[in-house]
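Chain by chain, the residues run as shown.
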Amino acid sequence: MPGPGASALGPLHHPTPDFFVCDIFDAAPKDDLASMEHPMFSLATRPDRRILRYAHNGTEIEVTPSVKGLATIHDKDILIYCISQLMAAVNAGRAVSRHLHLTAHDLLVATNRETSGDAYRRLREAFERLAGTRITTNYETGGEEVTSGFGLIESWRIVRKTRGGRMASVSVTLSDWLYRAVLAKSVLTLSRDYFRLRKPLERRIYELARKHCGRQPEWRVSVEVLLKKSGSASPRRVFRAKLRDMIAADHLPDYHLAEAPGDVIRITPRRLRAPRPPVLAPETLEAARALVPGADIYALQAEWQGVWAATGAPRLTDPDRAFLGWARKRR
């Protein structure tokens, strides 16, 4: 786990590696601000071959599908996984690259998917749609506005297969546009329960709530604007009915939805309890005292717990081991 002094510009101080290996366990889920704010992914559950056009407050986006159809919001899990891995490395001061090597099984587990043969087949189809979908936009990333066209991923290939023929490891090259967003830290942390949402519209509404409401007391938005920003192809009356179903179910992570007068949706954060910091064994503190001679071990423990909370309070399977690994870097 990175110390508080880890540089946000770590990649700029190290030679850029030929590729970055996605090997960070339990990286906090991160999503880029642009695709959270503007519709770039299809909410359809069947092949969607429409050309999507969107314009709002000076931002223009055109999304063109391949013969495989538009990339879906479930396909976006791959990008979220890649962004999460890169951001965890950037925060730790590690060198990163837009060329990533990842393990298919780890991606499926991290995004709450099955690891059946059918799941690997669907994963391959998702890579194909992401590479085939083309975006043209003037949206600004990393302080730079450039009207350009690009794929959601530039390329991908299966590096290694299992004996049964499934993809085992994959190399992915992210678009330069998305990679700049990562380096500029134009991202937000998502709830881990995001991956438990199965309905595409629920995922999209959560993204919009996270981007526009955040931790403010509330975000009020008209049904008309929410329909536009969601990218839903439903007529307004059908869209409104779906929102009412979501309001009745009330299982959106972190946020509560309600209707307000004037055909407005009111979104408010749920009351969140501060996460309890990981408990360390006395033997772990003694081992850390030996690793960092002269340090106030309880101050060191508090510092580590603060870093843990600041990085999204990730679930740790072995807090003692994680703490000792962090303490070694403090020597």
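Residues numbered from 1 in each chain as written. Predicted model: local features only at pLDDT ≥ 70, side-chain atom pairs only at ≥ 80, totals over all residues. Heavy atoms only, no water.

## Considering the pairing of strand β13 (residues 219-222)
The following threshold applies: Think of it in three bands: residues with accessible area under 20% of the maximum for their type are buried, residues over 50% are exposed, and the middle band is partly exposed, with areas taken using a 1.4 Å probe on protein chains only. Numbering of helices and strands runs from the N terminus; a helix is a DSSP stretch of H or I covering at least four residues, while a strand is a stretch of E covering at least two. Strand pairing follows a simple DSSP-based rule, namely that at least 2 bridges must link the two strands.
What you see with β13 is a clean split: W219 and V221 sit on the buried side and R220 and S222 on the side with no burial. Pairing analysis gives four bridges linking β13 to strand β15 (residues 264-269), with the strands arranged antiparallel. Of the residues in β15, the one forming a bridge with R220 is R266.

## Considering the sheet that holds strand β10 (residues 153-161)
What counts is decided by this rule: Every residue pair with non-hydrogen atoms within 4.5 Å of one another is taken to be in contact. Helix axes are fitted to C-alpha atoms over the stretch in contact, other axes to C-alpha atoms as well, and angles between N-to-C directions run from 0 to 180 degrees.
Read across the open sheet, the four strands follow the order β1-β5-β11-β10; overall the sheet is mixed. The two strands at the open ends of the sheet, each matched to only one other strand, are β1 (20-21) and β10. As defined by bridge partners, β10 adjoins strand β11 (residues 167-174) across seven bridges and the pair is classed as antiparallel. Bridge assignment links R157 to a residue of β11, and that residue is S171. Its contacts with the sheet place helix α4 (residues 117-132) against β10 and β11, and it is angled at close to 150° to β10.

## A look at the side chain of D31
Selection rule: The term polar contact refers here to a pair of N or O atoms within 3.5 Å; inside protein, the definition further demands a hydrogen-donor-capable atom paired with an acceptor-capable atom, and it admits residues adjacent in sequence only when both atoms are side-chain atoms.
Among the secondary structure elements, D31 is positioned in strand β2 (residues 30-32). Note on D31: relative accessible area 0%, which makes it buried. Polar side-chain contacts of D31 include one of 2.9 Å to the side chain of K76. In this structure D31 touches M36, K76, I80, S186, V187, L188, L190 and E207, once residues within four positions along its chain are discounted.

## Digging into α4
To keep things clear, this is the line we draw: Helix span is expected to be 1.5 Å times the residue number reduced by one.
A rise of 1.5 Å per residue sets the reference length of α4, with its 16 residues, at 22 Å; its end C-alpha atoms lie 23 Å apart and thus fit the reference within 8%. Within the span of α4, buried status applies to A119, Y120, L123, A126, F127, R129 and L130.

## Observations regarding the confidence of the model for the protein chain
The criterion, for reference: Residue-level confidence of the predictor is what pLDDT reports, using numbers from 0 through 100.
In the predicted model, the protein chain carries a mean pLDDT of 88, and 91% of its residues have values of at least 70. By mean pLDDT, strand β7 (residues 140-141) is the weakest element of the protein chain at 62, and helix α6 (residues 200-212) is the strongest at 97. Within the model, the stretch residues 1-14 combines pLDDT values under 50 with 35 contacts to residues more than four positions away or in other chains.

## Quick notes on unusual backbone geometry
At N57, a position not held by glycine, the phi torsion is positive, near 50°. Secondary-structure assignment places N57 in the loop between β3 (52-56) and β4 (59-64). For N57, a relative accessible area of 73% gives the class exposed. For D254, which is not glycine, the phi dihedral falls at a positive 70°.

## Looking at the nonpolar core
Quick note on the threshold: Here, the term nonpolar core denotes a set of buried Ala, Val, Leu, Ile, Met, Phe, Trp, Tyr and Cys residues that are joined through side-chain atoms within 4.5 Å.
With 72 residues, the main nonpolar core has L174, I205 and L226 as its most contacted residues. It is helix α2 (residues 76-91) that contributes the most residues to this core, ten residues altogether. Among the nonpolar cores identified, the runner-up in size contains twelve residues, and L280, V292, W326 and A327 belong to it.

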